[in-house]
Structures are given as C-alpha cells and as structure tokens.
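The residues making up each chain are set out below.
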Amino acid sequence: ASTLGAAAAEKGRYFGTAVAAYKLSDSVYSAILNREFTSVTPENEMKWDATEPSQGTFSYTSADTIVNRAIANGQKVRGHALAWHSQQPSWAQNLSGTALRSAMVNHVTQVATHYKGKIDSWDVVNEAFADGSTGARRDSNLQRTGNDWIEVAFRTARAADPAAKLCYNDYNTDGQNAKSNAVYAMVQDFKARGVPIDCVGFQSHFNAASPLPSDYQANLQRFANLGVDVQITELDIEGSGTAQATSFAATVRACLAVTRCNGITVWGIRDTDSWRASGTPLLFDGSGNPKAAYTAVLNEL
Ligand code: XIL
C-alpha cells in the first residue's frame, strides 16, 4: 500500500494523527490528512477548557468540525480527553471536593453523550499517575476528590456512550517502570472488579532523554494480556535522518508484534505542527514532504 492508513489497514490497524481545527483550511495540511490517515484525535478541541469554558455551558464547534469531517472521510475518531488535571477551565481549577466531583461527572456525561456513536475510543482519563519511582497517583484537584475518581469517570463514560472503547492514557508508561507498573495494577484491579476499561494508550513522546524503551513491546504485551487493547496515542520522536527513521520503524514493529495493539497515532502531521517547542519529531517536514521517518514507517507496515 502507498499510504500509512492503507498499509496499516492491511495489518488490521488504524494509523492516525492529532488534528488542530484551525489548520483544516491549510490545503497542504488537509491534503496529507485526507490521503494518509484513517483516524484523528482532536489535539485540544475536546479538552475540558475547550468544551465547557464556563460551568454548564458547552462549546463543541471546533471539535464538531474535526469529528464531522473525519466521519465524512471514513476516519475513526479518538476522543481526547474527558478527565485530566491539565487544560481545565479556571472555574474547575477553583473547585474541590464534592463540587468538583459532580462537575467532573457532569462533564463526562455531557461530552460523551454529545459525541455518542461517533467515537471509536475515548481517552477517559489522561495522565493520572505520578512520574518517578513512587507508583503513586499524581496529586491533582481531581485526585483530591477521592481515589475512586478514575473508576467513576470510566463508569460514567460507559453509561453515556456504551459503544465507545474506553481508554486510560499516559506518558512515561511506555516501558516497564514504577509508573507503568502502577497503571498495570489499576487495569488489573478494574478488570477484576468489573470497572469498564477497554484500552490503554501509550503516548510515546520520545526524545534523547527519554528514548523508545527496549522493553516497549514487552510492556505493550503485558497490558494486552490483561484483556485490553493497547494503542500508541501521541507518537513523536525527536531527531532526524536515519536515527529517527530507525526509531519510528522500531516503534511500529513493536505494535505490529502485539496482536491487541490496534492503532498508532502520531501527534501532528508536519514538523511545524508539533506541540514541541523545537525539533523535528514528526513524519512530514514543514513543507509537507515525507521524511525518511515516513518511508521507514510505511516500509515497516
Ligand atoms: C498538547 C497539545 O499538543 C498542545 O497544543 C497544547 O498546548 C498542550 O497539549 N499529552 C497529552 C496531549 O495528552 O493532550 C498534549 O497535547 C501533549 C501531552
């Protein structure tokens, strides 16, 4: 196959990208998006600050643009993200306790209901564990509402949109370490107690300080063995040339080696679309030309 999406489809996977609504009018951007990708993740448009800027007032225009366009083009949608400590509206940042818990539950219900039937997979909870060796939950206003906030979010999302696959998503969980061990224990516990969870997302933001881990495949596999799908959700790899291409290929190879790794999403299209302040971490250069990393990914699929 001659595109990322078609090549991944031959392996039973999707190949997606993060999309920013304001870039859809850029014809170079939208041409690559239409040609190469079979899944989209709104980069910011579904976050709490975007969808509920004031309490109880919902704003879906930008996210709807992305979702409706994707569906018209036959692309899947990854919803991102219902509950997260970051990019909260200021009114939510200023809540705590039962008021915040209720606001979170209402937010999950409203947003998941609005998009009911249109979302392949939802990142229900994003980045709820701490970095480092503790294996603890990340301290946040949501965590301070009680340790059960994550399972409440998942049960609420399931009730609102029973057909969507519900994912937990995080970074620095790509290899086996204290943080991924803690997520693993949570998923194992959810499965044992019947808390609805269908998938785990591995953001996979790699750079020199935090490269593709040597046990990446083994880590994806151990989660899959718990009975969830695994997805690479925000892939980008700093670097250039052959070294970068080799890392992208190895990442794709690891996913393909895990039966339940059912999709890969890169976090942007061109290097100039990246959220990273500097560097060239994506598959297309600033002019929209495919890089060595693109060819390596396509050849690996
Ligand atoms: C980033 C977006 O790419 C930026 O545009 C925004 O300013 C900050 O958020 N982990 C996530 C994503 O789950 O939502 C983040 O996206 C990148 C890190």
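In this text, all values refer to a predicted model and were calculated from it rather than measured experimentally. (Residues numbered from 1 in each chain as written. Predicted model: local features only at pLDDT ≥ 70, side-chain atom pairs only at ≥ 80, totals over all residues. Heavy atoms only, no water.)

Turning our eyes to something else, we now look at the nonpolar core. F15, W122, V125, F154 and L283 are the most contacted members of the largest nonpolar core, which totals 85 residues. Apart from the residues lying within four places of it in its own chain, the contact partners of F154 are V124, V125, L166, C167, Y168, F190, V195, P196 and I197. (Core = buried A, V, L, I, M, F, W, Y, C linked by side-chain atoms within 4.5 Å. Buried < 20%, exposed > 50% of the residue type's maximum accessible area, 1.4 Å probe, protein only. Contact = heavy atoms within 4.5 Å.)

This paragraph deals with the confidence of the model for the chain. Confidence in the prediction of the chain, expressed as mean pLDDT, is 98, and 100% of residues score 70 or more. Across the assembled chains, the prediction reports ipTM 0.99 with pTM 0.98. (pLDDT = per-residue confidence, 0-100.)

Its place among the elements puts H205 in strand β7 (residues 205-206). In this structure H205 comes out as buried when scored by relative accessible area, which is 12%. Polar contacts involving the side chain of H205 include one to the side chain of Q203, which spans 3.5 Å. A distance of 2.7 Å separates the side chain of H205 from the side chain of E234, its partner in a polar contact. (Helix = DSSP H or I, 4+ residues; strand = E, 2+ residues; numbered from the N terminus. Polar contact = N/O pair within 3.5 Å; in protein donor to acceptor, adjacent residues only side chain to side chain.)

Below, the discussion takes up the state of the cysteines. Tallied over the entire structure, the rule returns two disulfides. Paired by a disulfide, C255 and C261 hold their sulfur atoms 2.0 Å apart. Note on the C255 and C261 pair: the S-S dihedral is about -100°, so by sign convention the disulfide is left-handed. By relative accessible area, C261 is classed as buried at 0%. Described in terms of the sequence order of its bonded cysteines, the disulfide pattern of the chain is 1-2, 3-4. (Disulfide = S-S within 2.5 Å.)

UniProt tags E234 as "active site" (unreviewed entry). Classification of E234 by relative accessible area gives buried; the value is 5%. Leave out the neighbours within four places in its chain, and E234 touches H80, N169, F202, Q203, S204, H205, T265 and W267. (UniProt positions renumbered as here; feature names shortened; annotations may be inferred.)

So, about the pattern of salt bridges. Scanning all chains against the criterion turns up 19 salt bridges. For K23, the salt bridge is made with D273, and the minimal N-O distance between the two is 3.2 Å. Of the two residues, K23 sits in the loop between β1 (14-19) and α2 (27-36) while D273 sits in the loop between β9 (261-266) and α11 (292-300), which places them 250 residues apart along the sequence. Take K23 and D273: they sit in the same class, and that class is buried. R193 is the salt-bridge partner of D189, the closest N and O atoms lying 2.9 Å from each other. Placement of both D189 and R193 in helix α8 (residues 178-193) is noted, with a separation of four residues, approximately one turn of the helix. The class of D189 is partly exposed, set by a relative accessible area of 31%. (Salt bridge = Lys/Arg side-chain N within 4 Å of Asp/Glu carboxyl O.)

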